[in-house]
Number of protein chains: 2
Amino acid sequence: MFQGEYTNNMDEKGRVNIPASFRDVLQKSYNETSIIVARDPQNMCLRAYPQREWRRLLAKIGARPSNDRIVQAFKRTVISSAQEYSPDKQGRVLIPQSLRSYAGISKSAVFAGSVDTFEIWDATAWDEQLTASLALLQNQDLDF
Amino acid sequence: MFQGEYTNNMDEKGRVNIPASFRDVLQKSYNETSIIVARDPQNMCLRAYPQREWRRLLAKIGARPSNDRIVQAFKRTVISSAQEYSPDKQGRVLIPQSLRSYAGISKSAVFAGSVDTFEIWDATAWDEQLTASLALLQNQDLDF
DNA sequence: CGCAGTTACCCACCTTTACCCACTATGCGC
DNA sequence: GCGCATAGTGGGTAAAGGTGGGTAACTGCG
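Numbering of residues starts from 1 in every chain and runs along the sequence as written. Note on labels: chains are lettered from A, ligands numbered from 1, in written order. At least 70 in pLDDT is required for a residue's local features to be given in this predicted model, at least 80 for side-chain atom pairs to be given and counted, and no such filter applies to totals for whole chains, interfaces and linings, which use all residues. Side-chain figures throughout are based on the complete set of non-hydrogen atoms in the structure, without hydrogens or water.

Whenever I open this one, the sheet that holds strand β1 (residues 5-9) of chain B confuses me. Can you help?
Pairing between sheet strands relies on hydrogen bonds along the backbone, with the strands arranged either parallel or antiparallel. Residue and element names in this part refer to chain B. Taking strand neighbours across the sheet as the criterion, the six strands line up as β1-β7-β8-β4-β3-β5 in an open arrangement whose pairing is antiparallel. This sheet does not close on itself; its edge strands, each paired only once, are β1 and β5 (83-85). Ignoring strand direction, the axes of neighbouring strands in this sheet form an average angle of 30°. Note: strand β3 (residues 35-40) against strand β4 (residues 45-49), five bridges, orientation antiparallel. Paired with R39 across the bridge in β4 is L46. The sheet strands contacting helix α1 (residues 20-30) are β1, β3, β7 (108-114) and β8 (117-122), and the helix crosses β7 at an angle near 40°. At least two bridges found by DSSP between two strands is the condition for calling them paired. Put simply, DSSP marks the helices as runs of H or I at least four residues long and the strands as runs of E at least two long, and each gets a number from the N terminus on. Here an angle of 0 to 180 degrees is reported between the N-to-C directions of two axes, which are lines fitted to C-alpha atoms, with helices fitted over the stretch in contact. Pairs of residues are marked as contacts when any of their non-hydrogen atoms sit within 4.5 Å.

The following block contains the structure:
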């Protein structure tokens, strides 16, 4: 299970190191090495899936009527952007320009575990969204 | 399966490079080299089919009554524009003027994978449609 | 039948990516 | 505190992907 928050730097070539703990989870819980990276349509960030989780997502989409506007929009934004990446010997992947600019990642990238996937944020965008999330929870009556 | 998003430039002769990964899929999954390119009637873009997928489409059309107005419209717009193209040694195809102007492709073209076909967009048109799709998804309660 | 415009084919260059090696920083055990 | 292992960073090099352009064949038209 992916959890925890890590900050790694992207170099001039556009490569970022996947946190070692995430690579461990991928290896031990999923027995995989490569990941699928795609846009997250609801946040300005990227989302990384193990193949197994990605296939589950595809199956869910496939079960819906293909002429549904939401489904079409989802395919456009998410499926089309998705690509498989296998880390190099040092555990890094090259994030393509289109995804980089979508998430606004310039240099510092934040990896945030999200149970069965993990998110990749630009560091400053992550900070903003974090304070916003905290403000939202501030006056809530949480029963957990 | 065609997935991922690539941007290639069209030269003055009207040639564009088919992304290498799409050519690989065509070769490995379909054992074909050439593609069928036709208008996409529902979007301002072109759609490229492996022959096998194209024949499936034709079969679906053929199964419908030929005096159906929708079928007739579909034949006039899609079937009539369809043509087979085989990439040159460098992996490029020449997009004819009629299709180019339909999709509004001037220079920068985006190739977007769509599982068993792929779409070809003008770069700015792609951006517009992408932001529109994102806006649609923004406040949706997606359970996938 | 010749000519002009277009298409197909080929060659060469340039940019990007993949792969590898080496270095630095951090944390843990002794 | 010292040394080793592991994580993360920087950069060189070879191959692949993408781009530009020249020349020959082909087609349509006068």
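Next comes the rest of the account.
Where do I start with helix α5 (residues 123-138) of chain B in this structure?
At 3.6 residues per turn, the α-helix brings residues three or four places apart onto the same side. The span one expects for a helix is its residue count, reduced by one, times 1.5 Å. When the terminal C-alpha atoms of α5 of chain B are compared, their 22 Å separation across 16 residues agrees well with the 22 Å that a helix rising 1.5 Å per residue should span. All of the buried residues along α5 of chain B are A123, A125, W126, Q129, L130, S133, L134 and L137 of chain B. What you see down the axis of α5 of chain B is that its buried residues fit within an arc of 165°, all on one side. Facing away from the buried side of α5 of chain B, by more than 90 degrees, are the exposed residues T124, E128, T131 and A135 of chain B. The elements touched by buried residues of α5 of chain B are β3 (35-40), α3 (69-79) and α4 (97-103) of chain A together with β1, β7 and β8 of chain B. To sort residues, take the accessible area from a 1.4 Å probe on protein chains only and compare it with the maximum for the residue type: under 20% means buried, over 50% means exposed, and anything in between is partly exposed. The directions from the helix axis to the C-beta atoms form the arc being described.

Explain the environment of Y102 of chain A here, please?
Locating Y102 of chain A in the fold gives a position in helix α4. It is 34 Å that separates the C-alpha atoms of Y102 of chain A and F144 of chain A, two residues lying 42 residues apart in sequence. Y102 of chain A has contacts with R39, D40, P41, N43, M44, C45 and L46 of chain A together with L134 of chain B, leaving out every residue within four places of it along the chain. Of the polar contacts made by the side chain of Y102 of chain A, one reaches the backbone oxygen of N43 of chain A; its length is 3.1 Å. Pairs of N or O atoms are called polar contacts if they sit within 3.5 Å, as long as, within protein, a hydrogen donor faces a hydrogen acceptor (for residues adjacent in sequence, only side-chain-to-side-chain pairs).

What am I meant to see in the environment of A112 of chain A here?
Residue and element names in this part refer to chain A. Topologically, A112 is positioned in strand β7 (residues 108-114). Among the residues examined, A112 registers a relative accessible area of 6% and is labelled buried. Separated by 22 residues in sequence, A112 and Q90 have C-alpha atoms that sit 20 Å apart. Discounting residues that sit within four places of it in the chain, A112 has contacts with G4, F22, F118, E119 and W126.

I keep staring at the packing of aromatic side chains and nothing clicks. Help me out?
A ring pair, where both rings are aromatic, is described by two values, the distance of the centres and the angle of the planes. Note on aromatic contacts: the rings of Phe and Tyr and the six-membered ring of Trp form a pair at centre separations within 6.5 Å, being stacked when their planes are under 30 degrees apart, edge-to-face when over 60 apart, and tilted otherwise. Summed over the entire model, instances satisfying the criterion amount to 16 aromatic pairs over all chains. Here the aromatic rings of F2 of chain B and Y30 of chain B are separated by 6.2 Å at their centres, their planes lie at 10°, and the arrangement is stacked. Of this pair, F2 of chain B sits in the segment before β1 while Y30 of chain B sits in helix α1, and the two are 28 residues apart along the sequence. Assessed through its relative accessible area of 1%, F2 of chain B is described here as buried. A centroid spacing of 6.2 Å and a plane angle of 45° characterise the contact between F111 of chain B and F118 of chain B, whose relative ring orientation is tilted. Ring pairing ties together the aromatic residues F2, Y6, F22, Y30, F111 and F118 of chain A, which thus form one cluster. A ring has a charge above it when a Lys NZ or an Arg CZ is no more than 6 Å from the ring centre and no more than 35 degrees off the ring normal. Between the NZ or CZ atom of R39 of chain A and the centre of the ring of Y102 of chain A, over which it lies, the distance is 5.5 Å.

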